[in-house]
Amino acid sequence: ALVAAAAAAAAATGGGGGRRMACRGATYFCILAVPLAVAVTNPDVFLPATNFAGAYGMTTLFGILPPVMALRMRAQVAEAEARATRLQAAADARLAAARAREDASAGSVGGLVGSTTPALGGASGVGATTADVGSSASAASAASAASAA
């Protein structure tokens, strides 16, 4: 009866939406028909079956799922901590390489810059200040003038 009603509604709407409506009607019919048939044919079995299903669901919900969730959460926390440790090690290595490059470049320019700043130091925290850049530019122009003469 429900399938026929769904097919009639599908025919009235037309198009691809009608097929979807017919499929939904058939699905609803299958979902409702089996419990309805059991309840009508043997009403004494339906309520105990519902109680059994409820007891099984409660055991699963409150007896099995919480420990499983705790174990999964523990594994995720351990994985996150390991990832953070790997990222921290990579960041430390990059910082050490940047400091080594800064020290090497400060040592090679040595005579041209009036006052070299420590690696990643200075007032701004990023290396040479504007005063250092200005003094190195004037020192470089003086050195090029001296070599030209």
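As the structure is a prediction and not an experimental result, all values here were calculated from the model.

Turning our eyes to something else, we now look at the overall build of the protein. Helix and strand counts for the protein stand at 4 helices and 0 strands. Counting from the amino terminus, helix and strand elements in the protein follow one another as α-α-α-α. Across the 149 residues in the protein, those meeting the buried criterion constitute 6%. By sequence separation, contacts in the protein at least 24 residues apart represent 22% of the contacts at least 6 residues apart. Of the roughly 11,200 Å² that the protein leaves accessible, carbon and sulfur atoms contribute 69%.

Going through the model one piece at a time under the given rule, you end up with 0 disulfides. Cys23 forms no disulfide, and the closest cysteine sulfur to it belongs to Cys30, at a distance of 9.5 Å.

The subject of this paragraph is the confidence of the model for the protein. Averaged over every residue, the pLDDT of the protein is 72; residues scoring 70 or more account for 60%. Mean pLDDT in the protein bottoms out at helix α4 (residues 130-148), which sits at 47, and peaks at helix α3 (residues 43-109), which reaches 87. Of the regions scoring below 50 in pLDDT, residues 111-116 engages in 8 contacts with residues more than four places distant in sequence or in other chains.

Once that is clear, we can look at a nonpolar patch on the surface. Taken together, Met58, Leu61, Phe62, Leu65 and Met69 make up a surface patch of nonpolar side chains, about 520 Å² in accessible area. Inspection of the secondary structure puts Met69 in helix α3.

Basis of the calculations
- Residues numbered from 1 in each chain as written.
- Predicted model: local features only at pLDDT ≥ 70, side-chain atom pairs only at ≥ 80, totals over all residues.
- Heavy atoms only, no water.
- Helix = DSSP H or I, 4+ residues; strand = E, 2+ residues; numbered from the N terminus.
- Buried < 20%, exposed > 50% of the residue type's maximum accessible area, 1.4 Å probe, protein only.
- Contact = heavy atoms within 4.5 Å.
- Areas by Shrake-Rupley, 256 points an atom, 1.4 Å probe, with all protein chains shown as cover.
- Disulfide = S-S within 2.5 Å.
- pLDDT = per-residue confidence, 0-100.
- Patch = residues over 30% accessible without salt bridge, like charges linked within 9 Å, V, L, I, M, F, W, Y side chains within 5 Å.
- Salt bridge = Lys/Arg side-chain N within 4 Å of Asp/Glu carboxyl O.

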